[in-house]
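Single-letter residue listing:
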Amino acid sequence: MKHRMLSGIKPTGQLHLGSYIGALRQFVQSQEEYEMVAFIANLHCITVPQEPAELQKNLRDCVALYLACGLDPKKSIIFLQTDVMEHAQLGYIMCCHTYLGELNRMTQFKDKQAKGEANLSGGLYTYPTLMAADILLYEPDYVPVGEDQKQHVELCRDVAIRMNNRYGEIFHVPEPMIPEVGARIMSLTDPTHKMSKSDGLNRGCIYLLDDLKDARKKIMSAKTDSLGIVKYDPENQPGIANLIQIMSSLQDDRPFEDIEKEFEGKGYGDFKRAVADVVCGKLEEIQKRYYEIIDSDLIETTLKDGADRARAIASVTLDRVQRAIGMEIID
Ligand code: AMP
Ligand code: TRP
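Each value, and the rule that gives it
- Residues numbered from 1 in each chain as written.
- Chains lettered and ligands numbered in written order.
- Predicted model: local features only at pLDDT ≥ 70, side-chain atom pairs only at ≥ 80, totals over all residues.
- Heavy atoms only, no water.
- Core = buried A, V, L, I, M, F, W, Y, C linked by side-chain atoms within 4.5 Å.
- Buried < 20%, exposed > 50% of the residue type's maximum accessible area, 1.4 Å probe, protein only.
- Helix = DSSP H or I, 4+ residues; strand = E, 2+ residues; numbered from the N terminus.
- Domains from an automatic or database assignment.
- Contact = heavy atoms within 4.5 Å.
- Near = heavy atom within 4 Å.
- Polar contact = N/O pair within 3.5 Å; in protein donor to acceptor, adjacent residues only side chain to side chain.
- Areas by Shrake-Rupley, 256 points an atom, 1.4 Å probe, with all protein chains shown as cover.
- Nonpolar A, V, L, I, M, F, W, Y, C, P; charged D, E, K, R; others polar.
- Buried area = accessible area lost by both parts, 1.4 Å probe.
- Salt bridge = Lys/Arg side-chain N within 4 Å of Asp/Glu carboxyl O.
- Phe/Tyr/Trp six-rings, centres within 6.5 Å; stacked < 30°, edge-to-face > 60°.

**Examining the nonpolar core**
- Counting 65 residues, the largest nonpolar core has Leu24, Tyr66, Ile246 and Phe271 as the members making the most contacts within it.
- The element best represented in this core is helix H12 (residues 268-293), accounting for 12 residues.
- Viewed by domain, this core spans two of them, domain 1 (4-183 + 297-325) and domain 2 (212-292), each represented by three or more residues.
- Apart from the residues lying within four places of it in its own chain, the contact partners of tyrosine 66 are Gly8, Ile9, Leu24, Phe27, Ala38, Phe39, Ile40, Leu71 and Ile78.
- Phe39, Phe109, Ala310 and Leu318 belong to the second largest nonpolar core, which has 40 residues in total.

**What about the site of ligand 1?**
- Looking at ligand 1, there are 18 residues lining it, with Lys10, Gly146, Asp148, Ile185 and Lys197 nearest.
- Note that a nitrogen atom of ligand 1 is positioned 3.2 Å from one of the backbone N or O atoms of glycine 18.
- The separation between a nitrogen atom of ligand 1 and a polar main-chain atom of isoleucine 185 is 2.7 Å.
- Contact with the protein chains hides 95% of the accessible area of ligand 1, taken as 480 Å² for the molecule alone.
- At four residues, the largest contribution of residues to the shell around ligand 1 is made by helix H1 (residues 17-33).

**Some details on the site of ligand 2**
- Around ligand 2, the surrounding shell holds 14 residues, and the nearest of these are Lys10, Tyr127, Met131, Asp134 and Gln149.
- Within the contact set of ligand 2, a nitrogen atom lies 2.4 Å away from a side-chain nitrogen or oxygen of tyrosine 127.
- Between aspartate 134 and ligand 2, the recorded distance is 2.7 Å, taken from a side-chain N or O atom to a nitrogen atom.
- For ligand 2, whose free accessible area comes to 360 Å², the fraction covered by protein is 92%.
- Counting residues per element, the shell around ligand 2 draws most heavily on helix H7 (residues 122-136), which supplies four residues.
- Among the residues forming the shell around ligand 2, the class breakdown is eight nonpolar, four polar and two charged.

**Overview of the domain arrangement of the chain**
- As assigned here, the chain comprises domain 1 (4-183 + 297-325) and domain 2 (212-292).
- Facing 14 residues of domain 1, the contacting portion of domain 2 comprises 12 residues.
- In total, about 1100 Å² of surface goes out of reach between domain 1 and domain 2, with carbon and sulfur atoms giving 66% of it.
- For the domain 1 face of the interface with domain 2, the top three residues by lost area are Leu17, Ala68 and Val181, together amounting to 42%.
- Here domain 1 is connected to domain 2 by one salt bridge.
- Summed over the shared surface of domain 1 and domain 2, the number is five residue pairs in polar contact (both at pLDDT 80 or more).
- Elements supplying a minimum of two residues to the side of domain 1 that touches domain 2: H1 and helix H3 (52-68).

**Description of the pattern of salt bridges**
- Summed over all chains, the structure comprises 22 salt bridges.
- For the salt bridge of glutamate 285 with lysine 282, the shortest nitrogen-to-oxygen distance reads 3.3 Å. Taken as a pair, glutamate 285 and lysine 282 lie in helix H12 at a separation of three residues, close to a single helical turn.
- Of the residues examined, glutamate 285 reaches a relative accessible area of 37% and is grouped as partly exposed.
- When its relative accessible area of 18% is taken as the criterion, lysine 282 is described as buried.
- A single salt-bridge network, built from bridges that share partners, covers Glu32, Asp72 and Lys75.

**What to know about unusual backbone geometry**
- For glutamate 139, which is not glycine, the phi dihedral falls at a positive 50 degrees.
- In this fold, glutamate 139 is placed in the loop between H7 and strand S4 (142-144).
- Accessibility expressed as a relative area gives 28% for glutamate 139, which makes it partly exposed.
- Of note in this structure, aspartate 252 is not a glycine but carries a positive phi near 50 degrees.
- Relative to the helices and strands, aspartate 252 resides in the loop between helix H10 (238-250) and helix H11 (256-262).

**Remarks on the packing of aromatic side chains**
- If you walk through the whole model with that rule in mind, you get eight aromatic pairs.
- Measuring from ring centre to ring centre gives 6.2 Å for phenylalanine 27 and tyrosine 66, while their planes differ by 85 degrees; the resulting arrangement is edge-to-face. Placement of phenylalanine 27 in helix H1 and of tyrosine 66 in helix H3 is noted, with a sequence separation of 39 residues between them.
- Residue classification places tyrosine 66 among the buried positions, given a relative accessible area of 0%.
- An aromatic cluster is present here, built from Phe39, Phe79 and Tyr138 joined pairwise through their rings.

See below:
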């Protein structure tokens, strides 16, 4: 039997090069070898305030981009989280089995809190318990995510193991799968912080739907250093190391040494131009397919079929869990 893999993306904004390299790219590669379950985490989106019209646009874009990047609805199960109610229900059960101490240790929440953002929601705090449900419902073997999500997958494992000890083997316990290259793509303007949609003026973040000229400009003005050597040295040359990672991952994991060799004795200008060519080539390919898909009914048919297939798996898990806990009476 094929191993199963599951992952999701929370499109609170537009997908960017970090989401592509750290996550989506892996989903696409994995669907050949694994049974891939890829969903759009729209329940997670509303853990922070959303503008309804904008959220809806982002969700549609996200499905179109999943498809444009190469996820194939015939091979993978692609669906919207809210179309499978079992997520919210198992999420509640997971929440009841997670300790406050465990949630207090989650760095993503702590970081937000430390920034002093006002009115953080309860949903944001309990987010990892819903994420645990997202995963466990489908009994995957692996969960491909970027580095920032590793801690959440580990919490999922801890709570699942604890519940297995208490109620019997109700959950299959998965492993996180972090890519060797590109698990943490950094901002182009500040290579000590990860590339993210909340990046100030967005000069440091390349969106998959960015105008190609804009994307090129962002790369050409990426922050580097004064050493003038194209060498993978994240400590002393974080900007260059980031560009090397971007180039390598978009060229089928081309070895870093190979890139270093190509640019030996050349300036950063030449190197950045080459990175921009690779990035823009990839964006162009994705955007071409995106524009073919965005107004077609492929989005609706994909989501409908995906939700049916997802529900068939999720309902069996939820039923088993509720029965083991002693919560069900009728069949
Ligand atoms: P998000 O867009 O925050 O829902 O993240 C979707 C997926 O992309 C998750 O697996 C993240 O770990 C991954 N991801 C987000 N930002 C980056 C980044 N800058 N570098 C690598 N992976 C990322
Ligand atoms: N928390 C993930 C993110 O922000 C998205 C996500 C939600 C997810 N549920 C998941 C990822 C389950 C993997 C598995 O990127």
